[in-house]
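Here's the letter readout for the chains.
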Amino acid sequence: MDLPEKCTIWNPGNNDGFGGVTWSEPVIANCRIAKRSQQFTDSNGDQLMSTALLYTDSIALKSNSQVLLFTESAAIIPPSEANDVRQISEVPSGTDLKKAWFS
């Protein structure tokens, strides 16, 4: 699969001692982004409709990642417009692709 777009991924780290978390260094990843609705079940078992889907082969993408779509960022914390990964799955096509849903 061609991955012509870019996104930035942050992952939560440790408790910062003030009720928040530290964040990993931002990772710029190649991806394919689709702004479309698709029904999915999140990790809590709730059925939701996506606002966007993302395909990437980045090992940085996790189920609790924050992702800034279509943008490369060097910010040390995810900006407010970053999206929560609501669900993630491996694409069963013999590739390393992952699929993530946002709502």
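As the structure is a prediction and not an experimental result, all values here were calculated from the model. (Residues numbered from 1 in each chain as written. Predicted model: local features only at pLDDT ≥ 70, side-chain atom pairs only at ≥ 80, totals over all residues. Heavy atoms only, no water.)

Asker: Explain the side chain of Thr8 to me, using residue names and the numbers behind them.
Answerer: Residue placement: Thr8 occurs in strand S1 (residues 5–10). In terms of polar contacts, Thr8 uses its side chain to reach the backbone carbonyl oxygen of Thr71, at 2.6 Å. Setting aside anything within four residues of it in sequence, one finds Thr8 in contact with Pro26, Val27, Ile28, Gln66, Val67, Leu68, Thr71, Glu72 and Ser73. (Helix = DSSP H or I, 4+ residues; strand = E, 2+ residues; numbered from the N terminus. Polar contact = N/O pair within 3.5 Å; in protein donor to acceptor, adjacent residues only side chain to side chain. Contact = heavy atoms within 4.5 Å.)

Asker: With reference to specific residues and values, describe the nonpolar core.
Answerer: Formed by 14 residues in total, the largest nonpolar core has its most connected members in Cys7, Ile9, Leu54, Leu61, Val67, Leu69 and Phe102. When residues of this core are assigned to their parent elements, the largest contribution, 3 residues, is made by strand S4 (residues 27–34). In this view, Leu61 contacts Ile9, Leu54, Thr56, Val67, Val85, Ile88, Lys98 and Ala100; residues no more than four positions away in its chain are not counted. Listed in part, the 7 residues of the second largest apolar core include Phe40, Leu53, Val91 and Leu97. (Core = buried A, V, L, I, M, F, W, Y, C linked by side-chain atoms within 4.5 Å. Buried < 20%, exposed > 50% of the residue type's maximum accessible area, 1.4 Å probe, protein only.)

Asker: Explain unusual backbone geometry to me, using residue names and the numbers behind them.
Answerer: Glycine aside, the phi torsion of most residues is negative, and most peptide linkages are trans. Even without a glycine there, the phi angle at Phe70 is positive, about 65°. Secondary-structure assignment places Phe70 in the loop between strand S8 (66–69) and strand S9 (83–84).

Asker: Quick rundown of the sheet that holds S8? Include the residues and the values.
Answerer: Judged by pairing direction, the sheet is antiparallel, and its 7 strands sit side by side in the order S9-S8-S1-S4-S7-S11-S10 without closing on themselves. Bordering the open sheet on either side are S9 and strand S10 (87–90), each of which pairs with just one other strand. One ladder, built from 4 bridges, connects S1 with S8; its direction is antiparallel. Across the sheet, Thr8 pairs through a bridge with Leu68, a residue of S8. (Pairing = 2+ DSSP bridges.)

Asker: Go over the pattern of salt bridges, please, and point to the residues and values.
Answerer: Under the counting rule described, the total for this entry stands at 1 salt bridge. Between Asp42 and Arg86 there is a salt bridge; the shortest N-O distance is 3.0 Å. Pair noted here: Asp42 is in the loop between strand S5 (39–41) and strand S6 (47–49) and Arg86 is in the loop between S9 and S10, with a separation of 44 residues, a long-range link. Since its relative accessible area comes to 4%, Asp42 is described here as buried. (Salt bridge = Lys/Arg side-chain N within 4 Å of Asp/Glu carboxyl O.)

Asker: Tell me about the pairing of S4, and please be specific about residues and values.
Answerer: Bridging between S1 and S4 involves 5 bridges; their strand directions are antiparallel. Bridge pairing links Cys7 to Ala29 in S4. Note: S4 against strand S7 (residues 52–56), 4 bridges, orientation antiparallel. Bridged to Ala34 within S7 is Leu53.

Asker: An account of the environment of Val85 is needed here, citing residue identities and associated values.
Answerer: By the element assignment, Val85 lies in the loop between S9 and S10. Since its relative accessible area comes to 6%, Val85 is described here as buried. The spacing of Val85 and Val67 is 18 residues in sequence and 7.2 Å in space, taken between C-alpha atoms. Non-local contacts of Val85, meaning those with residues more than four positions away in its chain, are made with Leu61, Lys62, Ser63, Ser65, Val67, Ala100, Trp101 and Phe102.

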